[in-house]
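Coordinate analysis (summary)
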Amino acid sequence: MTPTSPDAVPARRPLVSGNWKMHHDHIEALHTVRDLGLRLKPEDIAQVDVSIHPPFTDLRTVQTLVEGEAIPVALGAQHCNDHDRGAYTGEVSPQMLARLGVRYVLVGHSERRQHFAMSDDLVAATLRAVLRHEMVPILCVGETEEERAAAHTEARLSSQLEAALRGLAPSQAAGMVVAYEPVWAIGTGKAATSFDAEDACLFIRETVGTLAGREAAQSVRIQYGGSVNPENAADLMAEPDVDGLLVGGASLEAAGFLEIVRASRPVAPRGRS
Ligand code: 13P
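A brief structural summary. What you are looking at is a predicted structure, and each value in this text was computed from that prediction instead of being measured.

It is worth spelling out the overall build of the protein at this point. Tallying secondary structure elements over the protein gives 13 helices and eight strands in all. The C-alpha extent of the protein, read off along each of the three principal axes, is 45 × 45 × 35 Å. The contacts of the protein with a sequence gap of at least 6 include a subset with a gap of at least 24, amounting to 75%. Total accessible area computed for the protein in this model is approximately 12,200 Å², and 54% of it derives from carbon and sulfur atoms. Positive and negative charge centroids in the protein, built from 25 and 36 side chains respectively, lie 5 Å apart.

Attention now moves to unusual backbone geometry. Glycine aside, residues mostly have negative phi angles, and peptide bonds mostly take the trans form. In this structure, K21 takes a positive phi of about 50° despite not being glycine. Take K21: it is sitting in the loop between β1 (15–19) and α1 (26–39). The backbone phi angle of S227 is positive, close to 60°, even though this residue is not glycine.

Let's shift gears to the site of the ligand. In the region of the ligand, the neighbouring residues are N19, K21, H109, E181, A185, I186, G187, G226, S227, L246, G248 and G249. E181 places a side-chain nitrogen or oxygen 3.0 Å from an oxygen atom of the ligand. At 2.7 Å, a backbone N or O of G187 approaches an oxygen atom of the ligand. Contact with the protein chains hides 94% of the accessible area of the ligand, taken as 310 Å² for the molecule alone. Looking at side-chain class alone, the shell around the ligand contains three nonpolar, seven polar and two charged residues.

Position of L100 among the secondary structure elements: in the loop between α4 (94–99) and β4 (104–107). What makes L100 buried here is its relative accessible area of 18%. Distance in space between the C-alpha atoms of L100 and A77 is 10 Å, their sequence separation being 23 residues. Not counting the four nearest positions on each side in its chain, L100 is found in contact with L59, R60, Q63 and L75.

On to the sheet that holds strand β3 (residues 74–77). Within a sheet, each strand pairs with its neighbour through backbone hydrogen bonds, oriented either parallel or antiparallel. Here we have eight strands rolled up into a closed barrel, ordered β1-β2-β3-β4-β5-β6-β7-β8, and parallel in their pairing. On average, adjacent strands in this sheet sit at an angle of 25° to one another, irrespective of strand direction. As paired strands, strand β5 (residues 136–141) and strand β6 (residues 177–180) are joined by four bridges and run parallel to one another. Looking at the pairing, V141 lines up with Y180 of β6.

For the rest of this paragraph, the subject is the side chain of T153. Here T153 is to be found in helix α8 (residues 153–165). Residue contacts for T153: discarding those within four places in its chain leaves E143, E147, R148 and Y180.

Mapping D44 onto the fold places it in helix α2 (residues 42–45). Polar side-chain contacts of D44 include one of 2.7 Å to the backbone nitrogen of K41. Within polar-contact distance, the side chain of D44 engages the side chain of R262 at 2.8 Å. Among all residues touching D44, those that are not within four sequence positions of it are R39, L258, V261, R262 and R265.

Here is what the cut-offs are and how they apply
- Residues numbered from 1 in each chain as written.
- Predicted model: local features only at pLDDT ≥ 70, side-chain atom pairs only at ≥ 80, totals over all residues.
- Heavy atoms only, no water.
- Helix = DSSP H or I, 4+ residues; strand = E, 2+ residues; numbered from the N terminus.
- Contact = heavy atoms within 4.5 Å.
- Areas by Shrake-Rupley, 256 points an atom, 1.4 Å probe, with all protein chains shown as cover.
- Lys, Arg positive; Asp, Glu negative; His and termini not counted.
- Charge placed at Lys NZ, Arg CZ, Asp CG, Glu CD.
- Near = heavy atom within 4 Å.
- Polar contact = N/O pair within 3.5 Å; in protein donor to acceptor, adjacent residues only side chain to side chain.
- Nonpolar A, V, L, I, M, F, W, Y, C, P; charged D, E, K, R; others polar.
- Buried < 20%, exposed > 50% of the residue type's maximum accessible area, 1.4 Å probe, protein only.
- Pairing = 2+ DSSP bridges.
- Axes fitted to C-alpha atoms, helices over the stretch in contact; angles between N-to-C directions.

This is the structure in structure tokens:
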């Protein structure tokens with residue numbers, strides 16, 4: 001894809017998200033978010049959106065703190081059920097999350113696909129449930145080590161994207177976030193190179209274009225996730241099709257996460273695809 005002038009398309013605002021996974025109880029969450037709030041300066045978030053995705057049991061605590069102390073981070077969740085209510089023991093509905101002020105919901109994280117048998121069909125239904133409640137889905141896609149070795153990365157990404165996005169209105173696709181998280185990079189300390197991350201994110205953008213049109217492709221925000229840390233964040237964010245970062249381990253502690261947020265501030269007009 002030939003880069004066009006940065007003036008030709010509106011800039012995509014970076015989104016840095018902290019996925020805490022199954023870490024931090026509500027007391028630890030309180031300390032971590034308060035610490036983040038004390039450290040965050042207005043210039044840190046002037047050009048970057050930040051979301052925090054704690055476990056379900058922490059959400060109410062974090063919501064109260066963020067609202068009470070006006071901490072400028074968005075509340076995120078890691079998953080939800082695709083139904084609004086019903087006999088689904090152990091599950092949390094999108095309606096409950098929306099009532100709590102949750103803005104972003106991870107959908108189809110590879111750990112859910114792998115450990116909880118979340119199928120492409122269920123990912124698609126969950127994505128629609130999140131949209132139905134006017135929250136923003138962060139659709140997670142990415143290839144395994146074996147798929148990468150077999151040069152099946154693009155085939156995997158396009159099948160995950162097709163299954164999730166088929167039939168969505170272009171405006172719905174435009175407003176969502178896609179996270180490219182290669183499974184082999186998650187929690188391994190082996191992040192993708194910025195070159196490989198860009199390659200995959202550009203491919204994702206082109207695929208969104210095929211499925212939902214050019215405007216949606218230009219608007220959709222694409223994050224990279226997998227062993228992001230304060231050292232590699234700026235290089236990844238310098239790539240034109242990397243619009244944000246989905247951070248696991250390095251988001252658990254406020255100081256390190258803030259370094260990643262700061263490294264994600266746009267430094268110069270970025271070339272856009
Ligand atoms: P790590 O940053 O710990 O590799 O986790 C990435 C991830 O899965 C975020 O959703």
